[in-house]
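Structural overview for review
This is what each chain is made of:
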Amino acid sequence: MDPGDLDHRRSCFERWVTALLGMLCALMGFSGCAHSLLTIDRPLAEISAEVEQRPVPPVPIDEEAEESVDSEHQTTEERSTIQQVEFLAESEVPPAPVAGELSLSVLDAVSLAARNNPRMRVLAFRPLEARTREDVELAAFDPAFTAGAQWADAHQQVSSAVQAQAGGVSQYNSTAIGPAAGLPNLAQVEKRFSSGTLARVGVASSYSENSPNGQFLVFNPAYQSAINAVVEQPLLRGFGSDANLAGIQIAQLGHQQSLAEFQGELDQTLLNVQRAYWDAWLAQQNVKTLESLVDQAATTTRIEQKRLDLGQGSVVEAAQAKEHLETLRVDLEQSRQRAQTASNRLKTLLGMAATDRRPLTLTDQPFDGEFEPILEDGLETAIRRRAEIRTQQLAIKQAQTDLSRRQNNARADVSAFAGYSLSGLDDGLGGSVDRLTSAEYGNWTMGVRFRHVLGRRAERAAVERAELSLQRQMRGLAEIQQQIEQQVREAYDGVTTAYHVLERQRERGEAARVQFETYAKLYDAGQLDLDRFVRARTRLASALQEEHAAIAAYNIALLNWNYAVGAITSEVAPADGSPASASE
């Protein structure tokens, strides 16, 4: 190739690139006007709000339960759960403990667990991860900018003897600069709207130069410029915001579902914390009981030893007193070990480090008054407040939305499109742009596109699968409701039974205490043998331990009732000292 010809082509390429940059700037200025002309839907910022306000097909449950799901109370609870999730995900691990004693009430334990429980700190990331799916779905409506260009230099032999004789050359050389292969424009902005409309505004420019001149060229070199706008609207499949916003709605429902699941896990954790609190309380009470009995047994042992030394007692009675003392000491050490184990379990649930050896002082006393739950109110409240119900209701709404989307996708793919472009052509770049901006050369395009897969096997299978999924979720809701109702019934029976057992243990303990105190006076007066006195003390120890166990079991039964009716979070520490009714 001639060096001068190569320089000429490089110069043309540089001018073409400069013009391209100028036209891109013009495109950016033009895009504002184009957006106003092509905005046939609401802005993207309103799409998320529209999805949240869109009515969803009703879930087949009782009306009061549905009203509770959509009530202001539930919205406030969701906001509270979101704050709890964000706190657990963003907060640091609690600092190392300081020396001293740790005083702990039930409310303190619940508060610490809500902030520091290791499992909840892990589960807090699930709702945050689910929330990102909404942005993924919203991204489908983000404007997309595409640009591409290519340069081609061809050297081809003439294709016929006529061309060779007419031109006197054996080859043709051509240089072309224009959009990249597969792209209609050098640069374009594309935007999808919630109605399914697809709008595109682009600029096209090309340069071609042939040597020698081609047979049908008007200009050589030739500069072509174009600005075009295209709008495409689906008419069946993909038509309307219901079909196009379904993915966003499913993502939002998934986020709400993850929040409900987190709330369910939190309720279970708080139930375990309060159970562990009363287990630790019981273990500490057993230690105190045995410490008192050990002191009494030590006093008895000293008395028997003194009597033996004075010749008033016997070796057998002194040995029996010693054996009884050591037995109680063994029980005391084992009880202390159980108390430490219960304390460590509670600390683990509170998220405290294994190196935290501070002794726990449990400041709350268990409730021992009579509480009569109302089964019907409990069943009604459980359906309204249990997180598992809320989770399954959201799963049903997701299945309903997905079914609607699959049914839309099963429709025929028919779309209408229309386009308008301005073009310019000249042997100079300036002339080409002048012709373009004169707006004299406008081109309209309109048409319809149709595509239909015979048999629609995949679409019909997708619809059938969505229908089966919806039926499964609805059956799952009925199953969960039945399970929760059974839990409420069992909790109701548990409260009633636990209180009756507590009353009997109180009477037993009182009787054992009266018997022991009477035997103690007789023993001190020398009117009772040691064997019956020791057995009375043993029965008193057993009665006291069983009474404490009945008190702890009663409080745990109350916890199970509050958990079963969905009140474990709000009814942690009743102000009046008694469990609040689930119907309040």
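What you see is a predicted model, and the numbers here were worked out from it, not measured in a lab.

**A closer look at the overall build of the protein**
Tallying secondary structure elements over the protein gives 16 helices and 10 strands in all. Taken across its 584 residues, the protein has 43% of its residues classed as buried. Across the protein, contacts joining residues at least 24 apart in sequence account for 82% of those joining residues at least 6 apart.

**Points about the packing of aromatic side chains**
Where two aromatic rings form a pair, the distance of their centres and the angle of their planes describe that pair. Counted by the stated rule, this structure contains nine aromatic pairs. Centre to centre, the rings of Tyr523 and Phe533 are 4.6 Å apart; their planes meet at 5 degrees, and the pair counts as stacked. Here Tyr523 is found in helix H15 (residues 457–524), whereas its partner Phe533 is found in helix H16 (residues 530–564), with 10 residues between them in sequence. Taking relative accessible area as the criterion, Tyr523 reaches 2% and is therefore assigned buried. By the ring-pair criterion, three or more aromatic residues cluster together here, those being Tyr277, Trp278 and Trp281. When the ring centre of Tyr523 is taken as origin, the NZ or CZ atom of Arg307, which lies over that ring, is 5.0 Å away.

**Some words on the pairing of strand E6 (residues 198–211)**
Sheet topology note: the strand E4 (residues 171–179)/E6 ladder contains five bridges and is antiparallel. Bridge pairing in E6 places Ala176 opposite Ser208. Hairpin connection, strand E5 (residues 187–192) to E6: the antiparallel pair is bridged by five residues, and Gly196 has positive phi, about 100 degrees.

**Section: the pattern of salt bridges**
One pass over the structure, following the stated rule, counts 19 salt bridges. Ionic pairing is found between Glu459 and Arg237, a salt bridge with its closest N-O pair at 3.6 Å. Of this pair, Glu459 sits in helix H15 while Arg237 sits in the loop between strand E7 (222–234) and helix H9 (241–244), and the two are 222 residues apart along the sequence. Close ionic contact of Glu291 with Arg336 constitutes a salt bridge, the shortest N to O distance being 3.2 Å. Pair noted here: Glu291 is in helix H10 (residues 246–310) and Arg336 is in helix H11 (residues 315–349), with a separation of 45 residues, a long-range link.

**Description of the side chain of Ser432**
Within the fold, Ser432 resides in helix H14 (residues 429–437). Exposure remark for Ser432: the relative accessible area of 0% places this residue in the buried category. Apart from the residues lying within four places of it in its own chain, the contact partners of Ser432 are Tyr223, Gln224, Ser225, Gly424, Leu425 and Asp426.

**Observations concerning the nonpolar core**
Formed by 78 residues in total, the largest nonpolar core has its most connected members in Leu104, Phe262, Leu346, Leu350, Leu362, Val488 and Tyr554. With 19 residues, the top contributor of residues to this core is H10. With near-sequence residues (within four places) excluded, Leu350 lies in contact with Leu104, Ala109, Leu112, Ala113, Asn116, Asn117 and Val273. Grouped together as the second largest cluster of nonpolar side chains are 14 residues, Ala520, Leu528, Val534 and Leu544 included.

**As for the packing of helix H12 (residues 375–385) against H15**
Across the interface, H12 lies against H15 with an axial gap of 10 Å and an inter-helix angle of 145 degrees. The handedness of the crossing between H12 and H15 is right-handed. The residues of H15 that touch H12, namely those facing Leu375, Gly378, Leu379, Ala382 and Ile383, are Gln481, Ile484, Glu485, Val488, Arg489 and Tyr492. Here the contact of H12 with H15 is built from residues that sort into seven nonpolar, two polar and two charged.

**Here we look at the confidence of the model for the protein**
Here the protein shows a mean pLDDT of 81. Residues at 70 or above account for 79%. A low-confidence stretch, residues 16–21 (pLDDT under 50), is modelled with nine contacts involving residues beyond four sequence positions or located in other chains. Predicted confidence for residues 54–74 stays below pLDDT 50, and this span has 34 contacts to residues more than four positions away or in other chains.

**Regarding the packing of H10 against H16**
Taken N-terminus to C-terminus, the directions of H10 and H16 make an angle of 170 degrees; their axes are 10 Å apart at the nearest point. As far as their axial angle goes, H16 and H10 are roughly antiparallel. For the contact of H10 with H16, a count of residues per class yields 17 nonpolar, 11 polar and five charged.

**Focus on H16**
Helix length check: H16 (35 residues) gives 50 Å between terminal C-alpha atoms against 51 Å at 1.5 Å per residue, within 8%. Phi turns positive, to about 80 degrees, at Gly566, one or two residues after H16.

**Here we look at the environment of Gln365**
Looking at the secondary structure, you find Gln365 in the loop between strand E8 (360–362) and H12. Each C-alpha atom of the pair Gln365 and Trp281 lies 8.6 Å from the other, and the pair is 84 residues apart in sequence. With near-sequence residues (within four places) excluded, Gln365 lies in contact with Trp278 and Trp281.

**Quick notes on unusual backbone geometry**
A positive phi is found at Ala439, a non-glycine position, where the angle reads about 60 degrees. Positioned with a positive phi, Arg456 is a non-glycine residue whose angle comes to about 45 degrees. For Arg456, a relative accessible area of 33% puts it in the partly exposed group.

**Quick notes on the environment of Lys322**
With respect to the element layout, Lys322 can be found in helix H11. Residue Lys322 is classed as partly exposed on the basis of its relative accessible area, which comes to 41%. The spatial distance from the C-alpha of Lys322 to the C-alpha of Gln305 is 9.0 Å, given a sequence separation of 17 residues. Discounting residues that sit within four places of it in the chain, Lys322 has contacts with Thr301 and Arg329.

The rules behind the values
Residues numbered from 1 in each chain as written. Predicted model: local features only at pLDDT ≥ 70, side-chain atom pairs only at ≥ 80, totals over all residues. Heavy atoms only, no water. Helix = DSSP H or I, 4+ residues; strand = E, 2+ residues; numbered from the N terminus. Buried < 20%, exposed > 50% of the residue type's maximum accessible area, 1.4 Å probe, protein only. Contact = heavy atoms within 4.5 Å. Phe/Tyr/Trp six-rings, centres within 6.5 Å; stacked < 30°, edge-to-face > 60°. Lys NZ or Arg CZ within 6 Å of the ring centre and 35° of its normal. Pairing = 2+ DSSP bridges. Salt bridge = Lys/Arg side-chain N within 4 Å of Asp/Glu carboxyl O. Core = buried A, V, L, I, M, F, W, Y, C linked by side-chain atoms within 4.5 Å. Axes fitted to C-alpha atoms, helices over the stretch in contact; angles between N-to-C directions. Left-handed = near helix turned anticlockwise from the far one by under 90°. Nonpolar A, V, L, I, M, F, W, Y, C, P; charged D, E, K, R; others polar. pLDDT = per-residue confidence, 0-100. Parallel < 35°, antiparallel > 145°, perpendicular 65-115°, else oblique. Expected span 1.5 Å × (residues − 1).

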